[in-house]
Amino acid sequence: VSPLAWLLGELGIEDKGWGPDSFDMMERGSLMHKVLEALFPPGAPPDPDSLVEVVPLAVNAAIEGECDLRFLAAPAWAVERRHITNDLTRIAIRWAEMLRDTGATIHATEQYLSGAAFGMGLHGKAYTLLELPNGTILVIDYKSGKSTKRVKRMENGWDVQAELYGNMIRGSALAQGKNAVAVGYLSLADMVAVTSGTLAGDPFGPLDLDTHAAAKEKLTETVAALRQGRVTLNGTADAKDFDDLGVGAYALDNPIVSAFLWEDDE
């Protein structure tokens with residue numbers, strides 16, 4: 001989204017503004033991932049009926065085990081803890097039902113991956129790898145929001161994260177020598193699984209859309225420019241343009257990056 005934001009990250013130049021503890025999207029997503037990792041280890045999915053009692057314990061353990069989340073243990077955050085526990089109970093029960101309905105098993109979780117794309121080395125972490133009854137390995141990345149923007153992004157060919165994970169897995173032992181590696185997301189707010197543009201109903205169904213063609217073209221162009229030492233600054237209209245494609249331009253919220261936005265011609 002922003003070559004300048006990437007460059008600043010590579011140089012370790014960050015905005016160091018201070019603020020009070022807040023349970024924002026990042027902290028919420030981090031807690032959700034920790035809890036789902038604990039509740040859905042490799043193997044058969046859990047019994048949905050067992051999760052009502054187990055989720056609160058998993059939430060408490062995640063808060064205690066993650067230093068950045070320990071502020072949630074304070075009495076002042078009791079209401080937020082109750083809300084997130086209720087949300088996670090709903091999510092976990094529905095996810096267990098979806099996995100059982102489709103006969104999927106959990107192949108692996110929290111897998112660190114490495115590979116290459118666009119002439120660069122890559123690394124990342126895939127949250128869940130499922131094995132479907134037909135033998136397909138399906139990479140599922142959890143997203144805390146709704147599926148609406150994710151669907152728009154994939155339909156416009158601007159998705160890239162899950163596809164890169166899929167490519168890294170295809171070349172690793174995790175694929176068990178199989179060529180069938182598919183990718184997708186689970187949107188936790190509405191519990192919709194989006195797999196290469198296919199929505200739930202048949203949640204892990206046909207994978208027949210090229211969901212990353214536009215992103216691949218843009219990234220290839222951007223990386224080539226960076227290799228030539230050219231950093232293209234963003235314009236003031238870029239955030240809306242990316243939003244129309246279903247891409248959240250969070251990098252442009254960085255006050256250092258936003259200070260260098262150029263005025264778009266009207």
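To be clear, the structure that these remarks concern was listed above.
What comes next concerns the included structure. Since the structure is predicted, the reported quantities are computational estimates derived from the model, not experimental observations. (Residues numbered from 1 in each chain as written. Predicted model: local features only at pLDDT ≥ 70, side-chain atom pairs only at ≥ 80, totals over all residues. Heavy atoms only, no water.)

### A word on the overall build of the protein
Moving on, step 1. Looking only at helices and strands, the protein has nine helices and five strands in total.
Moving on, step 2. For a compact globule of 266 residues, the expected C-alpha radius of gyration is about 18 Å, and the protein comes in at 20 Å, within 12% of that figure.
Moving on, step 3. Across its three principal axes, the protein shows a C-alpha extent of roughly 55 × 50 × 35 Å.
Moving on, step 4. Counting across all 266 residues of the protein, residues that qualify as buried make up 41%.
Moving on, step 5. With the model as given, the accessible surface of the protein reaches about 14200 Å², and the carbon-plus-sulfur share is 53%.
Moving on, step 6. Once the 23 positive and 38 negative side-chain charges of the protein are each reduced to a mean point, those two points are 3 Å apart. (Helix = DSSP H or I, 4+ residues; strand = E, 2+ residues; numbered from the N terminus. Rg over C-alpha atoms; globule rule 2.2 N^0.38 Å. Buried < 20%, exposed > 50% of the residue type's maximum accessible area, 1.4 Å probe, protein only. Areas by Shrake-Rupley, 256 points an atom, 1.4 Å probe, with all protein chains shown as cover. Lys, Arg positive; Asp, Glu negative; His and termini not counted. Charge placed at Lys NZ, Arg CZ, Asp CG, Glu CD.)

### Quick notes on the pairing of strand 1 (residues 105-117)
Moving on, step 1. Note: strand 1 against strand 2 (residues 120-131), 11 bridges, orientation antiparallel. Paired with Ile106 across the two strands is Leu130, which belongs to strand 2.
Moving on, step 2. Taking the residues between adjacent antiparallel strands as the criterion, strand 1 and strand 2 are bridged by two residues, where Phe118 takes a positive phi near 60°. (Pairing = 2+ DSSP bridges.)

### With respect to the packing of aromatic side chains
Moving on, step 1. Counting across every chain of the model gives four aromatic pairs.
Moving on, step 2. Measuring from centroid to centroid gives 5.0 Å for Phe71 and Trp77, while their planes differ by 75°, and the two rings are edge-to-face.
Moving on, step 3. Note on Trp95 and Tyr142: the rings are 6.3 Å apart at their centroids and 85° apart in plane angle, and the pair reads as edge-to-face. With Trp95 in helix 4 (residues 78-102) and Tyr142 in strand 3 (residues 137-143), this pair connects stretches of sequence that are 47 residues apart. Like Tyr142, Trp95 is buried.
Moving on, step 4. Put simply, the rings of Trp95, Tyr127 and Tyr142 pair up and form one aromatic cluster. (Phe/Tyr/Trp six-rings, centres within 6.5 Å; stacked < 30°, edge-to-face > 60°.)

### Points about the nonpolar core
Buried together is how nonpolar side chains tend to be arranged in soluble globular proteins.
Moving on, step 1. Core analysis: the largest hydrophobic core is formed by 38 residues, its most contacted members being Leu31, Phe40, Trp95 and Leu186.
Moving on, step 2. Looking at this core, the elements with two or more residues in it are helix 2 (25-39), helix 3 (51-65), helix 4, strand 2, strand 3 and strand 4 (181-187).
Moving on, step 3. When residues of this core are assigned to their parent elements, the largest contribution, eight residues, is made by helix 4.
Moving on, step 4. Not counting residues within four places of it along the chain, the set of residues in contact with Phe40 comprises Pro46, Ala92, Trp95, Ala96, Leu99, Ile106 and Thr109.
Moving on, step 5. Among the nonpolar cores identified, the runner-up in size contains 19 residues, and Ile137, Met154, Ile169 and Val192 belong to it. (Core = buried A, V, L, I, M, F, W, Y, C linked by side-chain atoms within 4.5 Å. Contact = heavy atoms within 4.5 Å.)

### A look at the environment of Ser258
Moving on, step 1. Relative to the assigned elements, Ser258 resides in helix 9 (residues 255-258).
Moving on, step 2. Sequence-wise, Ser258 and Thr236 are 22 residues apart; in three dimensions their C-alpha atoms are separated by 8.5 Å.

### So, unusual backbone geometry
Moving on, step 1. A positive phi angle, near 50°, is found at Glu110, a position not held by glycine.
Moving on, step 2. Among the structural elements, Glu110 can be located in strand 1.

### What to know about the side chain of Thr128
Moving on, step 1. For Thr128, the position within the fold is in strand 2.
Moving on, step 2. A polar atom in the side chain of Thr128 sits 3.0 Å from the side chain of Tyr142.
Moving on, step 3. Once you skip the residues sitting within four places of it in the chain, Thr128 turns out to touch Ile106, Ala108, Thr109, Leu138, Val139, Ile140 and Tyr142. (Polar contact = N/O pair within 3.5 Å; in protein donor to acceptor, adjacent residues only side chain to side chain.)

### Observations regarding helix 4
Moving on, step 1. Compared with an ideal rise of 1.5 Å per residue, which puts 25 residues at 36 Å, helix 4 spans 36 Å between its outermost C-alpha atoms and is within 8% of the ideal.
Moving on, step 2. Every buried residue of helix 4 is listed here: Ile84, Thr85, Leu88, Thr89, Ile91, Ala92, Trp95, Ala96, Met98 and Leu99.
Moving on, step 3. Of the residues one or two after helix 4, Gly103 is the one with positive phi, at around 70°. (Expected span 1.5 Å × (residues − 1).)

### Thoughts on the sheet that holds strand 4
Moving on, step 1. With respect to topology, five strands assemble into an open sheet ordered 1-2-3-4-5, the strand pairing being mixed. The outermost strands of the open sheet, each flanked by one partner alone, are strand 1 and strand 5 (192-194). The mean inter-strand angle of the sheet, taken between neighbouring strand axes irrespective of direction, is 40°.
Moving on, step 2. Where strand 2 meets strand 3, four bridges bridge the pair, whose relative direction is antiparallel. In the strand pairing of strand 3, Glu131 is matched with Ile137. (Axes fitted to C-alpha atoms, helices over the stretch in contact; angles between N-to-C directions.)

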